[in-house]
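# Geometric and topological summary
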Amino acid sequence: MTVLVPTMGALHKGHQGLIKRARALDKDVIVSIFVNPLQFENKEDLEKYPRSPERDIEIATIAGANEVWFPEYEDLFPEGFKTLGAGALGNLYEGASRPGHFDGVVTVIDRLFAIAKPDQAIFGEKDFQQLTIIKAMNSKVEIIAVPTVREFDGLAMSSRNARLSESGRDIALVIHRALAAAKLAPTIEIAHEILNTTLSTEPGFDKDYAAIIDEKDFSLADKKTENRRAIIAGWVEGVRLIDNMPMVGR
Ligand code: PAF
C-alpha cells in the first residue's frame, strides 16, 4: 500500500507536516518533486520558483519518506498527452487570476496518480481551492487533507516566503491578521468588512481578492452557509501569496 505526497519541492515545515501525516498511515511513503510548468501561467514565476533538490531529499527522508521521486517531464507528459480541464471551480479566484493553472494541476495529478498508483494522497489546506478541485477529480485515490502549518506569528508556510525580504515578510503578516480578525466577527457582513479593511491598512499588500466563500463550491457565503471559509490572495514585493481560514458560522 502506498501513499503519495505530491510537491514541487523547496520543502519546508508545511511539507514536513504532510509527509509526517503520510508516515502515520503506516504505508510506503512516496514524495514526488516536480515543478510543473503546466500550472504556471507566468514564465517568470516558473523560473523564480525555488529549487533545492538535495536539501529536499534530506528533509523528506527525515520526515519519513521511503522514496523521493523526481519524475522527468517526458515521463509525465509523453508526446500527444492531453491537458485535462479543472471544471467550473477552476475558473474562480485563483483560476481567474491564473488562467489554466488548475487545468495544469489536475493534469499533473492525474499523471502522478497513474504512474505511482497510490491508495492515498496527501494535500495541504493552504491551497484550499486546489484541494477542493483535486477531491472533485473523483479518482480512486483517497485524498487526505492536512491543516495549514504556520510560522510562530501566523504566516502560512509557503515555498514563496523564501522570496520575501525581511520587511516584505512583515507586510505579509497582514494576511493572517485579517483572517484571524474576521474569524472573531459577530456576523458574516462584519467579517467581510474586517477582512478588507484590515488588508487595506497595509499599503505594501497588493490585494487580488478577499472573500468569504462556501467551501462546497466557492460561491459567496451567507449566514445560511454551513461551512464558510475566508480566502485571500495578493502580492507582496511581487510575490503572490495565498491563505485561508475556516470561519465560524453566525
Ligand atoms: O501544491 C503543489 O505543490 C502543486 O500544485 C502540486 C499539488 C504538487 C501539483 O503540482
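Since this is a predicted model, take the numbers as computed values, not measurements. (Residues numbered from 1 in each chain as written. Predicted model: local features only at pLDDT ≥ 70, side-chain atom pairs only at ≥ 80, totals over all residues. Heavy atoms only, no water.)

## What about the site of the ligand?
We apply this condition: The near set for a molecule or strand comprises every residue that places at least one heavy atom within 4 Å of it. For the purposes of these results, a polar contact is taken to be a pair of N or O atoms within 3.5 Å, where, inside protein, one atom must be able to donate a hydrogen and its partner to accept one; residues adjacent in sequence count only when each atom of the pair is a side-chain atom. For the accessible areas, the method is Shrake-Rupley and the probe is 1.4 Å, while residue cover comes only from the protein chains on display. Each helix is a run of DSSP H or I of at least 4 residues and each strand a run of E of at least 2, with the numbering of both proceeding from the N terminus. Amino acids are sorted into nonpolar (Ala, Val, Leu, Ile, Met, Phe, Trp, Tyr, Cys and Pro), charged (Asp, Glu, Lys and Arg) and polar (every other residue, Gly among them).
Around the ligand, the neighbouring residues are Pro-6, Thr-7, Met-8, Gln-39, Val-108, Ile-109, Phe-123, Asp-127 and Gln-130. Here an oxygen atom of the ligand and a side-chain polar atom of Gln-39 are 2.6 Å apart. Within the side chain of Gln-130, one N or O atom sits 2.7 Å away from an oxygen atom of the ligand. A total of 290 Å² of accessible area belongs to the ligand in isolation, and the protein chains cover 89% of it. Every element with two or more residues in the shell around the ligand is listed here: strand S1 (2-7) and helix H6 (101-116). Residues belonging to the shell around the ligand are distributed by class as follows: 5 nonpolar, 3 polar and 1 charged.

## Observations concerning the pairing of strand S2 (residues 28-33)
This is how the line gets drawn: We call a residue buried when its accessible area falls under 20% of the maximum for its residue type, exposed when it is over 50%, and partly exposed in between, using a 1.4 Å probe and counting protein chains only. When DSSP finds at least two bridges between two strands, those strands are taken to pair. When the strands point away from the viewer and the connection leading from the first strand across the helix to the second strand turns clockwise, the crossover is called right-handed.
Across the 6 residues of S2, 5 count as buried, placing the element largely inside the fold. Relative to S2, S1 runs parallel, the two sharing 6 bridges. Each residue of the ladder has a partner; that of Thr-2, found in S2, is Asp-28. Taken together, S1, helix H1 (residues 13-23) and S2 constitute a β-α-β crossover, and its handedness is right-handed. As defined by bridge partners, S2 adjoins strand S3 (residues 67-69) across 3 bridges and the pair is classed as parallel. Across the sheet, Val-31 pairs through a bridge with Val-68, a residue of S3.

## So, the sheet that holds strand S7 (residues 228-236)
Using the following cut-off: Between N-to-C directions, angles cover 0 to 180 degrees, with each direction set by a line fitted to C-alpha atoms, over the stretch in contact for helices. Here, residues are in contact when the closest pair of their heavy atoms is within 4.5 Å.
Read across the sheet, 3 strands follow the order S6-S7-S8 without closing on themselves; strand pairing throughout is antiparallel. Two strands bound the open sheet, and with one partner strand each, they are strand S6 (206-214) and strand S8 (239-247). Put simply, the sheet's adjacent strands are angled 10 degrees from each other on average, direction ignored. Looking at chain direction, S7 and S8 are connected through 9 bridges and run antiparallel. Its bridge partner being in S8, Ala-230 is matched across the sheet by Met-245. Running over the sheet, helix H9 (residues 188-200) touches S6 and S7 and is turned about 165 degrees from S6.

## Some points on the environment of Leu-199
Assignment of secondary structure puts Leu-199 in helix H9. Once the C-alpha coordinates of Leu-199 and Asn-138 are considered, the two residues, 61 residues apart in sequence, prove to be 36 Å apart. Not counting residues within four places of it along the chain, the set of residues in contact with Leu-199 comprises Val-174, Ile-175, Ala-178, Phe-205, Lys-207, Ala-210 and Ile-232.

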